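# Topology and contacts: notes
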Amino acid sequence: MKVRLLHTADVSPGHVRSAFSGLAPPLVPGEAVMFRGSLAACYDRSRAQYDAFSVLEAVPSPEPDWLNLLLVGADLFVPALTYVFGLSHLAGGRGVLSLARLKPPEENDLTETVLEHRLRVEVAHELGHAAGLVHCVVNDCAMHRSLWPESVDLKNPEFCASCRARLPGPG
Amino acid sequence: MSAPVKLMIVDDEPHLRSSLTFWFREEGYDVLSAGGGREALTTLVREAPQILLVDIKMPGMDGLEVLRKVRETSPETTVIIMTAYASVETAIQALKDGAYDYIVKPFDPESVSRLVKKAAERYTLLSENRELKARISASEPALITAGGGPMAHVLELVDQVAPTDTSVLVTGESGTGKELVARLIHSRSPRRFGPLSVVNCGALSEGVLESELFGHEKGAFTGAAARRRGKVEVAHEGTLFLDEIGDVPPKVQVDLLRVLQEKQVTRVGGNQPVPVDFRLVTATHRDLEDEVAAGRFRQDFFFRIHVFVIELPALRDRQADIPVLAQYFLGRFATAMNRKIGGFSPAALAAMTEYPWPGNVRELQNAIERAVVLCKGDTIEASHFPFSGPGPAAASLTLASAEEAHIRKILSTMGFNIAQAARALEIDRVTLYNKMRKFGIDRP
Ligand SMILES: [Zn+2]
Ligand SMILES: [Zn+2]
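Residues numbered from 1 in each chain as written. Chains lettered and ligands numbered in written order. Predicted model: local features only at pLDDT ≥ 70, side-chain atom pairs only at ≥ 80, totals over all residues.

What chain A contains, in helices and strands, is five helices and eight strands. Going residue by residue from the N terminus, the α and β elements of chain A occur as β-α-β-β-β-α-β-β-β-β-α-α-α. Here chain A holds 171 residues, and 50% of them are scored as buried. At a minimum sequence separation of 6, the contacts of chain A that also span at least 24 residues come to 65%. (Helix = DSSP H or I, 4+ residues; strand = E, 2+ residues; numbered from the N terminus. Buried ≥ 20, exposed ≤ 12 C-beta atoms within 10 Å, placed from the backbone. Contact = placed C-beta atoms within 7 Å.)

Turning our eyes to something else, we now look at unusual backbone geometry. In terms of backbone geometry, most residues other than glycine have negative phi values and most peptide bonds are trans. Residue A:Pro26 is bonded to the preceding A:Pro25 through a cis peptide linkage, with omega at 5°. On the secondary structure map, A:Pro26 appears in the loop between helix H1 (13–21) and strand E2 (28–34). The omega torsion of the bond from B:Lys105 to B:Pro106 falls at -10°, within 30 degrees of zero and hence cis. Locating B:Pro106 in the fold gives a position in the loop between strand E5 (101–105) and helix H5 (109–138). One non-glycine residue, B:Asn338, adopts positive backbone phi at about 60°. Looking at the element boundaries, B:Asn338 is found in the loop between helix H13 (322–336) and strand E15 (343–344).

Side chains of nonpolar character tend, in soluble globular proteins, to be buried together. Ranked by internal contacts, the top residues of the largest apolar core, which has 87 residues, are A:Ala52, A:Leu69, A:Val78, A:Leu87, A:Val96 and B:Ile81. Ranked by residues supplied to this core, first place goes to helix H3 (residues 112–130) of chain A with six residues. Beyond its immediate stretch of four places on either side in the chain, A:Val96 contacts A:Ala52, A:Val55, A:Leu56, A:Val59, A:Leu70, A:Val72, A:Leu76, A:Gly86 and A:Leu87. B:Val154, B:Val234, B:Ala235 and B:Leu242 belong to the second largest nonpolar core, which has 41 residues in total. (Core = buried A, V, L, I, M, F, W, Y, C linked by C-beta atoms within 7 Å.)

Moving on, we get to helix H15 (residues 360–374) of chain B. One turn of an α-helix holds 3.6 residues; hence residues three or four places apart share an orientation. Residue and element names in this part refer to chain B. End to end, H15 covers 21 Å across 15 residues, agreeing with the expected 21 Å (1.5 Å per residue, within 8%). With eleven of 15 residues buried, H15 lies mostly within the body of the structure. All buried positions along H15 are accounted for by Asn360, Val361, Arg362, Glu363, Leu364, Gln365, Asn366, Ala367, Ile368, Ala371 and Val372. Elements that come into contact with the buried residues of H15 comprise H13 and strand E16 (379–380). (Expected span 1.5 Å × (residues − 1).)

In this assembly, 33 residues from chain A lie in contact with 40 residues from chain B. Counting residues per element, the ones that place at least two in the side of chain A that touches chain B are helix H2 (52–58), strand E7 (86–89), helix H4 (149–152) and helix H5 (161–166) of chain A. A per-element tally of the side of chain A that touches chain B places E7(A) first, with three residues. Here the side of chain A that touches chain B is composed, by residue class, of 18 nonpolar, ten polar and five charged. (Nonpolar A, V, L, I, M, F, W, Y, C, P; charged D, E, K, R; others polar.)

Residues and elements named next belong to chain B. Ordered by their spatial adjacency, five strands build an open sheet running E7-E10-E13-E6-E14, and the pairing between neighbours is parallel. In this open sheet, the two strands that pair with only one neighbour each are strand E7 (196–200) and strand E14 (308–311). When the angles between neighbouring strand axes are averaged without regard to direction, this sheet yields 20°. Relative to strand E13 (residues 279–284), strand E10 (residues 239–243) runs parallel, the two being bridged by four bridges. When the sheet's bridge partners are listed, leucine 240 is paired in E13 with leucine 280. Here helix H7 (residues 178–187) sits on the sheet and contacts strand E6 (168–171), E7, E10, E13 and E14; the angle it forms with E13, its principal contact strand, is near 165°. (Pairing = 2+ DSSP bridges. Axes fitted to C-alpha atoms, helices over the stretch in contact; angles between N-to-C directions.)

Function-wise, these values are silent; they only describe arrangement.
Set out below in structure tokens:
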């Protein structure tokens, strides 16, 4: 499955590159594109966050065998929840992921290596959702649900054998 | 796969319904929604969802009324009430009326995820167990066995101890699958929905290990510009797995002992203890009794972790499993490299069975991978293994084997002092440690 990584201007090219280079099978890099649409309407003044569901609506549906993931620097929420790392259209081929929570402000000494690892894991995670995977019980699988950013460090940016088997593409 | 738990979101606000629906679908639930009380009750009859998330304040029939109707018509259904801060008192009334729990909007993803998962457990426990077993067995080659023998005994011990909260010490040579056993214990325990927090204590210096285990507060030391949760804290409600526990310096042993006794952890540079609840699994390739006798390992800490011991057999002690494992790895690598290799020649099988495998299952896996690369036909021959065939010349052909030989040489020159060897090789300690693992090099 080919991956199109869309990103807003506040995501550094280095992060886009490292997310791209870390893709695990059956995900393969397709293209990285700057997101040109406007997310202004998705901003909620009272919460000072972006509405993940509205942002997701702004992500275009991909062509067959492609997945579209939008990387944003902004913090995301959905109405009933305080925040979300990301949100996907399950099996709909598209998703959105925020970098804001992967590097919380109280962790500003986070090394770039740790952040890159988290980014790769959560990129795989959101793409997995977009491709139809739900949360996985295997603890180090990318599809395991993380409660805190630190818990993301316990996972691998790869799918376990069982999740892998549920995805299309060469064995 | 088992049928997913059905969840229904009842709220008059369409945007909230759709976004929560998307979010819960990612959790693996089958999600329905209803815009009001009447619609909810009709859907309840038709679709029989097991869990309802109901907003307390809705025009027409409100959440409390929905709750009462559900309790009357479908008492086995779990109802969770969603409320705004202002109506918490009504939510408490809801509990009296038989709601499972209530949550205040906006709620933290982790708390709602835990709450709904706990409610769902009643419906999924059996099927989740079955599914998890299937998933784990697909990803744990070191535990594959031909049936009977020492590994089968290990699996029996795992099944015995996993459901309890007892501390487990896993011993065995490097490459025997100690971490896999730890994962298996976690995944068969009641804590399997919680995290498995892993620390490889052998790869870290004392200062880094402390901060990795216990976390640190902002400004605790140079470079600690921010607060960070340690692996002990992250293990809350799950399992803490400390690999290479025999390498933990005495000072950190004391700190760990205190955490185990007091069930709370204080971050480095902090003074506010955080309660933690975890199950401890440790592993080592060392003989801890020897380490205690030599004064390198504290006896009180030893007694604390040496409660239930699982000793993993070396691969040479379970020869009957070698052909099964070899065939498993062959299948995996042949598929990955898109090669048609059916099996092993009798000489290759004999060579594998006779070889002592000092690096155990990990070494076997590496050997098969290498053999698949070298093999030009449809059968693996003895000459494809570095330990047999036309002599050592073939073995030293690959970059990997040259690297391994060089690392072994430097390590023994430096008396296995990791820091010195890493400096000599101009790589960092963790990289060296990983390479030692990869090549199955053990400190003597
Ligand atoms: Zn998985
Ligand atoms: Zn997810």
